[in-house]
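Each chain, written out:
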Amino acid sequence: MIGISFHTGGWLRYAFREEQFGKRSDSDLQYSYLSYRRATDNTVVNLGRVMVFEGVAAERVDGLSARTDLAGGFGISGFGGGPVETGIDQPGNSSIYGGRLSHQVSNIYRVGMSALKEEKNSIDFRRESGIDLWVHPAGKIDLAG
């Protein structure tokens, strides 16, 4: 079964009596994206303001993220777009992208290699890469790192 859905969430604060922190209201759009999911091979494609949690990446991105399972227990994911800027970030032309390759044996282990790169004004701003591991050796024991 093919599924298309829309997800959105955020917050709004309004001070009825007096200004707080120099203004009466504040808000933030946390996520808002269109999602496509296939019934087979665990394929998911999200477009919009997405939250990415893939290995070294724990980001909010205005762009695209996708993941799918491959044959033999392998999986692949990728994302790209503009990083969601906060009030402390420097303004400029920014991009962020990355991906993850993983292998798993269901209910036993999952290991992944991932990397991300962020550029600001065409200059390398941040690079990260790493390996993540989840192991379920027995019973109620899970190890992650």
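Residues numbered from 1 in each chain as written. Predicted model: local features only at pLDDT ≥ 70, side-chain atom pairs only at ≥ 80, totals over all residues. Heavy atoms only, no water.

Engineer: Is there a simple way to explain the environment of Gly 139 in this structure?
Structural biologist: Mapped onto the elements, Gly 139 comes out in the loop between strand E8 (123–138) and strand E9 (141–144). Owing to a relative accessible area of 59%, Gly 139 belongs among the exposed residues under this scheme. A sequence separation of 74 residues divides Gly 139 from Ser 65, and the C-alpha atoms of the two residues are 34 Å apart. (Helix = DSSP H or I, 4+ residues; strand = E, 2+ residues; numbered from the N terminus. Buried < 20%, exposed > 50% of the residue type's maximum accessible area, 1.4 Å probe, protein only.)

Engineer: Before we go on, may I ask you to explain the side chain of Ser 94 in this structure?
Structural biologist: Position of Ser 94 among the secondary structure elements: in strand E6 (residues 94–105). Dropping the residues within four chain positions of it, Ser 94 is found in contact with Gly 81, Gly 82, Pro 83, Glu 85, Glu 119 and Lys 120. (Contact = heavy atoms within 4.5 Å.)

Engineer: Can you walk me through the nonpolar core in this structure?
Structural biologist: Nonpolar side chains tend toward joint burial in soluble globular proteins. Counting residues in hydrophobic clusters, the biggest one holds 8 residues: Tyr 33, Val 50, Val 52, Ala 57, Val 61, Phe 79, Ile 96 and Leu 116. Only strand E3 (44–54) and strand E4 (57–69) provide two or more residues apiece to this core. Residues in contact with Ile 96, not counting those within four places in the same chain, are Glu 59, Val 61, Phe 79, Gly 80, Gly 81, Gly 82, Pro 83, Leu 116, Lys 117, Glu 118 and Arg 126. (Core = buried A, V, L, I, M, F, W, Y, C linked by side-chain atoms within 4.5 Å.)

Engineer: In this structure, what is going on with unusual backbone geometry? I would like to understand it.
Structural biologist: Where the residue is not glycine, phi is negative for most of them; where a peptide bond is considered, it is trans in most cases. Although it is not a glycine, Asp 41 adopts a positive phi angle of roughly 55°. The phi torsion at Ser 122 lies on the positive side, around 65°, for a residue other than glycine. Following the sequence through the fold, Ser 122 ends up in the loop between strand E7 (109–120) and E8. We classify Ser 122 as exposed; its relative accessible area is 70%.

Engineer: How should the pairing of E3 be read in this particular structure?
Structural biologist: As judged from the 6 bridges shared by strand E2 (residues 25–37) and E3, these two strands associate in the antiparallel manner. Looking at the pairing, Tyr 36 lines up with Val 45 of E3. Counted between consecutive antiparallel strands, the loop separating E2 from E3 contains 6 residues, among which Asp 41 sits at a positive phi close to 55°. Relative to E4, E3 runs antiparallel, the two sharing 11 bridges. Across the sheet, Val 52 pairs through a bridge with Glu 59, a residue of E4. Linkage of E3 to E4, two consecutive antiparallel strands, is achieved through a turn of 2 residues, within which Gly 55 is found at a positive phi near 65°. (Pairing = 2+ DSSP bridges.)

Engineer: How should the sheet that holds E8 be read in this particular structure?
Structural biologist: Paired through their backbone hydrogen bonds, the strands of a sheet run either parallel or antiparallel. Spatially, E1-E2-E3-E4-E5-E6-E7-E8-E9 is the arrangement adopted by the 9 strands of the open sheet, whose pairing is antiparallel. The sheet is open, and its two edges are formed by strand E1 (3–14) and E9, each paired on a single side. Between one strand axis and the next, the sheet turns through 30° on average, direction left out of account. (Axes fitted to C-alpha atoms, helices over the stretch in contact; angles between N-to-C directions.)

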